[in-house]
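# Architecture at a glance
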Amino acid sequence: MTKIVKPTNEILMQAAEIIKNGGLVAFPTETVYGLGASAFNARAVAKIFEVKNRPYFDPLIVHISRFETIYDLWAKLDERALNLAKQFWPGPLTIVLPRKKSIPDIVVAGLTTVAVRMPANKIALDLITYAGVPIAAPSANLFGRLSPTTAEHVAEQLGDKIDLIIDGGKTEIGVESTVIEFNDKPVVLRLGGITLEQIEGVIGRVKILTVAEKPHSPGQLLKHYAPKVKLKIIKNGNYSIPQGLEAGLLAFREAPPGHAFKCVQILSPAGDLQEAACNLFSALHRLEKEAIDIIYAEPVPEIGLGRAIMDRLRKAEGTGGE
């Protein structure tokens, strides 16, 4: 089994050497755990796709630790994108712009654009700095499965397939970064840790396109973020369970009185969407380990981080985003 280690300075320098030498390191960010390789090493990046069973048409996000690195990655800048970066970096916002040819095709799935973000996590930033290269890193899980918000989640899914897992505790935000692409008009490709309201407060109205047959961003496929057992979103307050099924409930604030669910996970007793987002994947990880046939999930209000939560639940159900 791959070692899970605490992020001492010595460990981070060892992890950076692994990255430099073409290896794979799982590390925490403020959103979920990432599986990192040097963004300029095509062979190392290919290992990410192999380990995750990820299709090669699904592009990766490149993580940076210094703002100036954008000039090594983007061939064309956009004033609106720069305004967002200055406002929300480091943070859970990924920006997609035309790429430079120095980035291997495998990183961007052959696209003419590259997705870049600067994580708001000291462990991640130090690792990138010590490695001396941008790090390409999708979530550190098997493709299409629940995202990892603890080091243990990474170990459970990827086992001994990677070189090192850095344990930075439970992630703070719990859902992936928001992804926005800039052409003539800005388009949100994935809802995430920076809310639509925050983005529109800086650059005005944006379009949302969170499902695509040929993704320009991770998380745009119709089915994604899925537990091992079937998930169904509760509609019209219908909590009835078909006879013969053992069911679990992902509740927003509390379980309904007199319920017949075998197990219940509550996202936020206070109804706080930030707390709910932080607990989302951990709660689903716990539910999928129960001996149940189906997970029923309560919808949450689609404002702020609630949009990102509902995007993940619809993808887990297989009904797409907005």
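Report follows, based on the coordinates. (Residues numbered from 1 in each chain as written. Predicted model: local features only at pLDDT ≥ 70, side-chain atom pairs only at ≥ 80, totals over all residues. Heavy atoms only, no water.)

### Side note on the packing of helix α4 (residues 79–88) against helix α8 (residues 196–203)
Relative orientation of the contacting elements α4 and α8 amounts to 125°, with a least axis distance of 10 Å. In terms of orientation, α4 lies oblique with respect to α8. By crossing handedness, the relation of α4 to α8 is classed as right-handed. Residue-level inspection shows Arg80, Asn83, Leu84, Gln87 and Phe88 of α4 in contact with α8, the latter providing Gln198, Ile199, Val202 and Ile203. Here the contact of α4 with α8 is composed, by residue class, of 5 nonpolar, 3 polar and 1 charged. (Axes fitted to C-alpha atoms, helices over the stretch in contact; angles between N-to-C directions. Helix = DSSP H or I, 4+ residues; strand = E, 2+ residues; numbered from the N terminus. Parallel < 35°, antiparallel > 145°, perpendicular 65-115°, else oblique. Left-handed = near helix turned anticlockwise from the far one by under 90°. Contact = heavy atoms within 4.5 Å. Nonpolar A, V, L, I, M, F, W, Y, C, P; charged D, E, K, R; others polar.)

### Examining the packing of aromatic side chains
In this description, a pair of aromatic rings is defined by centroid distance and the angle of the planes. The final tally for this structure, using the stated rule, is 5 aromatic pairs. Where Phe67 meets Trp89, the ring centres are 6.1 Å apart and the plane angle is 65°; that geometry is what we call edge-to-face. One end of the pair, Phe67, is in the loop between β4 (61–63) and α3 (70–73); the other, Trp89, is in the loop between α4 and β5 (93–98), with 22 residues separating them in the sequence. Centroid distance Trp74 to Trp89: 6.1 Å. Interplanar angle 25°. Geometry classified as stacked. Of this pair, Trp74 sits in the loop between α3 and α4 while Trp89 sits in the loop between α4 and β5, and the two are 15 residues apart along the sequence. The exposure class assigned to Trp74 is buried, which follows from its relative accessible area of 4%. Take Trp89: its relative accessible area is 9%, and that puts it in the buried class. (Phe/Tyr/Trp six-rings, centres within 6.5 Å; stacked < 30°, edge-to-face > 60°. Buried < 20%, exposed > 50% of the residue type's maximum accessible area, 1.4 Å probe, protein only.)

### Focus on the pattern of salt bridges
Any two side chains of opposite charge can pair, on the condition that their charged atoms come close. Scanning all chains against the criterion turns up 17 salt bridges. Here Asp167 and Lys6 are joined by a salt bridge, their closest N and O atoms 3.2 Å apart. Taken as a pair, Asp167 in the loop between β8 (164–166) and β9 (178–182) and Lys6 in the loop between β1 (4–5) and α1 (9–20) lie far apart in primary sequence, 161 residues in all. Taking relative accessible area as the criterion, Asp167 reaches 11% and is therefore assigned buried. For Lys20, the salt bridge is made with Glu17, and the minimal N-O distance between the two is 3.3 Å. Placement of the pair is Lys20 and Glu17 together in helix α1, with a separation of 3 residues, close to one helical turn. Among the residues examined, Lys20 registers a relative accessible area of 44% and is labelled partly exposed. (Salt bridge = Lys/Arg side-chain N within 4 Å of Asp/Glu carboxyl O.)

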